[in-house]
Structure formats: C-alpha cells, structure tokens
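# Reading the structure
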Amino acid sequence: MLYYCSEPRLASQIKSYCEIDGIQFNKFTDHCITRGLLRKFFSQDGLFSYVVTDHGKETLATAQEVMKALEIKVAIPENAIQTIQMKP
C-alpha cells in the first residue's frame, strides 16, 4: 500500500490495487497514519486521498536496503522505486 501511495490515491483505488476490503483498509491506513508513514487529505474533488510521507519514504527505503542485504526478493512497482530512492 505504501509503495502504491507514492502518488496521491483515493481509498477505492488503494482497495482495488491491494485487493483488500474496507475493514482491512481502515486498519492498515489507521496504523500507517498513526506512525507517520501515510498522510490523509482532501483532494480537489472533496474526496479523501492518501499519500506516503517523507518518513514513510525513508522507512520504505530502509526496508528495501534490508531486504537487498538479506537477498529477499520482493516485487515492487517500478514507479515506486524511483520515488523512494529520491533523497533530499
């Protein structure tokens, strides 16, 4: 979910992409928002959107480095890799 939210996404888009239901979505987004990994905001259409925070990007980059060091292969969306590797 965090990789997918490297760009602002609507709840319906996230649920569809991650193949999760509303209960799973609410639990995971609440967990990520509480820990500062994901941010919720109103889009121009007046709907809630979600986007990964800078802290979330740092966490994803660290997780990616650990998985690489442990030689764990995980499918990560290509557009997300570019986003999380960007460091200020």
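These figures come from a predicted structure and were not determined experimentally.

### Here we look at the confidence of the model for the chain
Chain-level statistics for the chain give a pLDDT mean of 86 and a share of 84% at 70 or above. Highest mean pLDDT in the chain belongs to helix 2 (residues 22-34) (96); lowest belongs to helix 4 (residues 78-85) (53).

### Some remarks on the sheet that holds strand 3 (residues 48-52)
Here 3 strands make up an open sheet; going across it, the order is 1-3-2 and the pairing antiparallel. Whereas interior strands pair on both sides, the edge strands pair on one side only; in this sheet they are strand 1 (9-10) and strand 2 (38-42). Pairing of strand 2 with strand 3, which is carried by 5 bridges, proceeds in the antiparallel orientation. Across the sheet, residue lysine 40 finds its bridge partner in strand 3, namely tyrosine 50. The strands that helix 2 touches are strand 2 and strand 3; relative to strand 2, the one it contacts most, it runs at about 105 degrees.

### Some points on the side chain of arginine 9
Examined against the element boundaries, arginine 9 turns out to sit in strand 1. Among the polar contacts listed, one links the side chain of arginine 9 to the backbone oxygen of tyrosine 4, at a separation of 2.9 Å.

Rules used in this analysis
- Residues numbered from 1 in each chain as written.
- Predicted model: local features only at pLDDT ≥ 70, side-chain atom pairs only at ≥ 80, totals over all residues.
- Heavy atoms only, no water.
- pLDDT = per-residue confidence, 0-100.
- Helix = DSSP H or I, 4+ residues; strand = E, 2+ residues; numbered from the N terminus.
- Pairing = 2+ DSSP bridges.
- Contact = heavy atoms within 4.5 Å.
- Axes fitted to C-alpha atoms, helices over the stretch in contact; angles between N-to-C directions.
- Polar contact = N/O pair within 3.5 Å; in protein donor to acceptor, adjacent residues only side chain to side chain.

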